[in-house]
Amino acid sequence: MTQFMQTSLRSRQHPLIHQLANCIEEVWQEHLDLSPYQVPEDLGYVEGCLEGERLVIENHCYQTPQFRKLHLELAQVGNSLDILHCVMFPNPEYALPIFGADLVGGRGGINAAIADLSPINKDRSLPKSYHTALSALSTIQFSQPRALPQWGDIFSEFCLFVRPVSTQEEAAFLQRVREFLILHCQIASTSTPLTSDLEVAKVLAGQLSYCTKQQQNDKTRRVLEKSFGSEWTERYMTTMLFDCAA
């Protein structure tokens, strides 16, 4: 698919963001049957201003039979802030967890690196196939683990949230996210769609809960509101970042 790697913002961002963006797209391309996803034309590439500095947002979106939306967002504020945001939204006919990853940093390094396969079951449990595979992954020690936000009960016990302080820790984070992604794509590709309306409704409810909690992220909302105003921010957060299929 020619739109891969045609890039742009990532080449000017922190090396870990550049590497992770490429990794995500490579795994998607290798393991999934991708087709383009229609992004609202005014939201694919956005420019604004934040406290006198240029803010650029670039969105890459795809879809597959198992995933209604694969979203990779890259953003940069001047020379001070680099962001990667990624979410894989399953089609409601597939009872799959939601993969999400975020990197936030700048010239001084990455301040926050998070990745997870978030359960959508009401009891917050992952499907057995995921739990078994994730439990088998080797333990990685990071010197600066971070605490999840108050709304972070959407995340699984395998959620990785750290501040990587060296190139070794950055490489370890990148490798673990690659493992999450490959595992997720492989299980998704062999999953059979649900046939029960009740089961599909449960998946939708789980995805709605995930999106609702993520929309409570005040830091994201504040940055966007300062640049684009509250009305645009609400639309962007509910149609681009965390749109619910329901």
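Residues numbered from 1 in each chain as written. Predicted model: local features only at pLDDT ≥ 70, side-chain atom pairs only at ≥ 80, totals over all residues. Heavy atoms only, no water.

## Some remarks on the pattern of salt bridges
Counted by the stated rule, this structure contains ten salt bridges. Across the salt bridge formed by Arg-235 and Asp-42, the nearest N and O atoms sit 2.8 Å from each other. Placement of the pair is Arg-235 in helix H6 (residues 230–241) and Asp-42 in the loop between strand E1 (35–36) and strand E2 (45–50), with a sequence separation of 193 residues. On the basis of relative accessibility, which here comes to 33%, the residue Arg-235 falls in the partly exposed class. By relative accessible area, Asp-42 is classed as partly exposed at 40%. Measuring nitrogen to oxygen at the nearest pair gives 3.5 Å for the salt bridge that ties Glu-199 to Lys-202. (Salt bridge = Lys/Arg side-chain N within 4 Å of Asp/Glu carboxyl O. Helix = DSSP H or I, 4+ residues; strand = E, 2+ residues; numbered from the N terminus. Buried < 20%, exposed > 50% of the residue type's maximum accessible area, 1.4 Å probe, protein only.)

## Description of the nonpolar core
As a rule of thumb, soluble globular proteins bury nonpolar side chains together. Counting residues in hydrophobic clusters, the biggest one holds 45 residues, and the most contacted among them are Trp-28, Leu-84, Met-88, Phe-99, Leu-103, Phe-173 and Leu-181. The leading source of residues in this core is helix H3 (residues 167–189), at nine residues. If sequence neighbours within four positions are ignored, Met-88 has contacts with Trp-28, Leu-32, Phe-67, Lys-69, Leu-70, Ile-98, Phe-99, Leu-181, His-184 and Cys-185. One finds Ala-75, Trp-151, Phe-155 and Trp-232 within the second-largest nonpolar core, a separate group that totals 32 residues. (Core = buried A, V, L, I, M, F, W, Y, C linked by side-chain atoms within 4.5 Å. Contact = heavy atoms within 4.5 Å.)

## As for the confidence of the model for the chain
Summarising the model, the chain shows a mean pLDDT of 91, and 96% of its residues fall at 70 or more. Counting interchain partners and residues more than four positions distant, the pLDDT-below-50 stretch residues 1–6 has 13 contacts. (pLDDT = per-residue confidence, 0-100.)

## Things to note about the side chain of Ser-227
On the secondary structure map, Ser-227 appears in helix H5 (residues 218–228). Once you skip the residues sitting within four places of it in the chain, Ser-227 turns out to touch Cys-49, Leu-50 and Leu-55.

## Regarding the packing of aromatic side chains
What the rule picks out here adds up to four aromatic pairs. A ring pair is formed by Trp-28 and Tyr-62, whose centres lie 6.0 Å apart and whose planes are at 70°; its orientation type is edge-to-face. Taken together, the positions of Trp-28 in helix H1 (residues 15–31) and Tyr-62 in strand E3 (residues 53–63) put the pair 34 residues apart, joining distant regions of the chain. We note that Trp-28, like Tyr-62, is buried. A centroid spacing of 6.5 Å and a plane angle of 70° characterise the contact between Tyr-210 and Phe-242, whose relative ring orientation is edge-to-face. (Phe/Tyr/Trp six-rings, centres within 6.5 Å; stacked < 30°, edge-to-face > 60°.)

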